Amino acid sequence: MHDVIVITGGSRGIGAACARLVAPEAEMVIVGYASNETAAEKVVSDIVAAGGRAQAVQCDVGDNEQVIRLFETSASLGSVTGLINNGGVLDVATRVDAIEPARIERIMRINVLGSFFCAREAVKRMSIKYGGKGGAIVNLSSAAATLGAPAQYVDYAASKGAIDTFTVGLAKEVATEGIRVNGVRPGIIETEIHASGGEPERAQKMAASVPMQRSGSAEEVAEAIIWLMSEKASYVTGATLDVTGGR
Ligand code: NAP
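Source: prediction; values computed, not measured.

Visitor: I'd like to hear about the pattern of salt bridges, residue by residue, with values.
Guide: A side chain with one charge may pair with a side chain of the opposite charge, provided their charged atoms come close. Throughout the structure, instances matching the rule amount to 14 salt bridges. Here Asp97 makes a salt bridge to Arg95, at a shortest N to O gap of 2.7 Å. A salt bridge links Arg185 to Asp242, with the nearest nitrogen and oxygen atoms 2.7 Å apart. With Arg185 in strand β6 (residues 179–186) and Asp242 in strand β7 (residues 240–243), this pair connects stretches of sequence that are 57 residues apart. By relative accessible area, which is 43% here, Asp242 ends up partly exposed.

Visitor: Quick rundown of the packing of helix α1 (residues 13–22) against helix α2 (residues 37–49)? Include the residues and the values.
Guide: With their axes 9 Å apart at the nearest point, α1 and α2 run at an angle of 15° to one another. As summarised for this structure, α1 and α2 are arranged roughly parallel, according to the angle between their axes. Crossing of α1 over α2 shows right-handed handedness. Two secondary-structure elements touch here, α1 through Ala16, Ala19 and Arg20 and α2 through Lys42, Val43, Asp46 and Ile47.

Visitor: I'd like a description of the packing of aromatic side chains, backed by residues and values.
Guide: With the rule as written, the count across this model stands at two aromatic pairs. Between Phe116 and Phe166 the ring centres are 4.0 Å apart and the planes differ by 25°, which places this aromatic pair in the stacked class. Of the two residues, Phe116 sits in helix α4 (residues 101–126) while Phe166 sits in helix α6 (residues 154–173), which places them 50 residues apart along the sequence. Considering the side-chain rings of Tyr153 and Tyr156, the 5.5 Å spacing of their centres and the 80° angle between planes classify their relative orientation as edge-to-face. Here Tyr153 falls in the buried class, since its relative accessible area comes to 6%. For Tyr156, a relative accessible area of 9% corresponds to the buried category.

Visitor: Please give an account of the pairing of β6 that cites residues and values.
Guide: Among the eight residues in β6, eight count as buried, and that is most of the element. Residues Ile179, Val181, Gly183 and Arg185 line one face of β6 and the alternating positions Arg180, Asn182, Val184 and Pro186 line the opposite face, and both faces are buried. In terms of strand pairing, strand β5 (residues 135–140) meets β6 through six bridges, oriented parallel. From the neighbouring strand, Leu140 faces β6, where its bridge partner is Val184. Bridge count for β6 against β7 is four bridges, and the pairing is parallel. Paired with Pro186 across the bridge in β7 is Val243.

Visitor: Give a description of α4 that names residues and reports values.
Guide: Its 26 residues place the ends of α4 36 Å apart at the C-alpha level, agreeing with the 38 Å of an ideal helix rising 1.5 Å per residue. Residue Arg109 marks the point of greatest curvature in α4, where the axis turns by about 35°.

Visitor: Describe the nonpolar core, with residues and values.
Guide: Of all hydrophobic cores here, the largest spans 34 residues; its most connected members are Ile7, Ile14, Cys18, Val29, Val31, Ile84 and Ile225. If you list the elements that add at least two residues to this core, you get β1 (2–7), α1, β2 (26–33), α2, β3 (54–58), β5 and α9 (218–229). The biggest single contributor to this core is α9, with eight residues. Not counting residues up to four positions away in its chain, the partners in contact with Ile225 are Ile14, Cys18, Ile84, Val138, Leu140 and Val184.

Visitor: How would you sum up the sheet that holds β5? Please name residues and give values.
Guide: Here seven strands make up an open sheet; going across it, the order is β3-β2-β1-β4-β5-β6-β7 and the pairing parallel. At either end of the open sheet lies a strand with only one pairing partner, and these are β3 and β7. Within this sheet the neighbouring strands show an average axis-to-axis angle of 20°, counted without direction. Direction of pairing for β1 relative to β2: parallel, over a ladder of five bridges. Paired with Ile5 across the two strands is Val29, which belongs to β2.

Cut-offs used in this document
- What you see as residue numbers is a count from 1 along each chain, following the sequence as written.
- For this predicted model, a pLDDT threshold of at least 70 governs which residues receive local features, and a threshold of 80 or more governs which side-chain atom pairs are given and counted, while totals over whole chains, interfaces and linings are taken from all residues.
- Calculation of side-chain values draws on the structure's entire complement of heavy atoms; hydrogens and water are dropped beforehand.
- In what follows, salt bridge is the name for a side-chain nitrogen of Lys or Arg lying within 4 Å of a carboxyl oxygen of Asp or Glu.
- Helix and strand assignments follow DSSP, with helices taken as H or I runs no shorter than four residues and strands as E runs no shorter than two, numbered in order from the N terminus.
- Only protein chains enter the accessibility calculation, which uses a 1.4 Å probe; a residue is then buried when its area is under 20% of its type maximum, exposed when over 50%, and partly exposed in between.
- To obtain an axis, a line is fitted to C-alpha atoms, over the contacting stretch when the element is a helix, and the angle between two such axes runs from 0 to 180 degrees between their N-to-C directions.
- Oblique is the label for any angle not under 35 degrees, not over 145, and not in the 65 to 115 range, which are roughly parallel, roughly antiparallel and roughly perpendicular in turn.
- Here a crossing is called left-handed whenever its near helix is offset anticlockwise from the far helix by less than a right angle, and right-handed whenever the offset is clockwise.
- Contacts were defined at the residue level, with two residues in contact if any of their heavy atoms lie within 4.5 Å.
- Between the rings of Phe, Tyr and Trp (Trp by its six-membered ring), a pair exists once the centres lie within 6.5 Å; its type follows the angle of the planes, with under 30 degrees stacked, over 60 edge-to-face, and the other angles tilted.
- For two strands to pair, DSSP has to find at least two bridges joining them.
- Expected span of a helix, by definition, is 1.5 Å for each gap between consecutive residues, and there is one gap fewer than residues.
- Given a residue, its bend is the angle between the two axes fitted to the seven residues that end at it and to the seven that start from it.
- To define a nonpolar core, start from buried Ala, Val, Leu, Ile, Met, Phe, Trp, Tyr and Cys residues and group those joined through side-chain atoms within 4.5 Å.

Right, dumping it as structure tokens:
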């Protein structure tokens with residue numbers, strides 16, 4: 001059982017599926033969101049209706065001060081024992097030779113710096129070295145980290161490659177402090193992220209390229225994440241699990 005679990009990007013897609021799935025195994029779920037308060041409050045009300053406890057907290061993970069406030073709020077509600085580093089963005093398909101500085105800075109700030117900021121605040125509260133109870137962190141990578149996403153979004157793919165290395169390094173750094181750190185690499189999953197990349201039908205269109213011949217659901221990714229968060233994965237750290245239908 002977790003005390004407080006912080007989920008960034010808990011308002012929609014994979015993060016929302018994680019929030020709903022983990023709620024029975026947590027005293028309190030913090031549903032982080034960037035701007036979609038309505039979606040975050042819907043996740044909270046679903047959890048509360050099912051008998052759980054949850055609170056929505058606005059936080060752009062690319063903003064260090066907002067991340068500090070997210071964790072201060074979370075810690076005021078109980079011991080933080082879980083972090084799902086899920087909030088992330090991509091941009092429309094482009095070649096590397098057409099990438100503007102503002103775009104790559106935004107991708108790296110939210111996907112990479114945001115994950116570092118959140119993990120830093122989580123470790124300060126979870127580590128037994130600092131008087132915490134220990135805990136678990138799961139970082140959202142992507143199959144793009146290994147495939148490269150050529151002519152689509154190499155910047156996004158590279159940001160997720162950074163996350164894979166981050167998972168390995170942080171896991172080793174805190175392995176004796178009661179904290180496990182793992183990652184998940186989703187493949188083509190049916191969420192609204194594809195619309196933000198200008199291709200709302202991408203998941204259906206790409207289904208035939210997946211060995212299992214279908215896209216995945218946010219719930220199927222959440223199942224893997226919540227297992228890694230749980231005590232059932234007590235000897236798993238520094239691992240990144242592909243949830244890709246074999247892609
Ligand atoms: P999504 O449906 O687009 O939802 C994105 C979530 O992230 C929303 O809750 C959004 O909040 C939040 N978010 C966006 N910008 C943020 C920021 N600056 N700070 C904090 N939160 C922010 O995305 P998804 O498909 O569930 O993706 C979740 C994670 O899985 C991402 O890290 C993504 O890279 C990864 N992933 C997804 C796929 C896929 O096929 N779907 C594949 C591989 C990896 P608001 O609701 O407030 O906008």
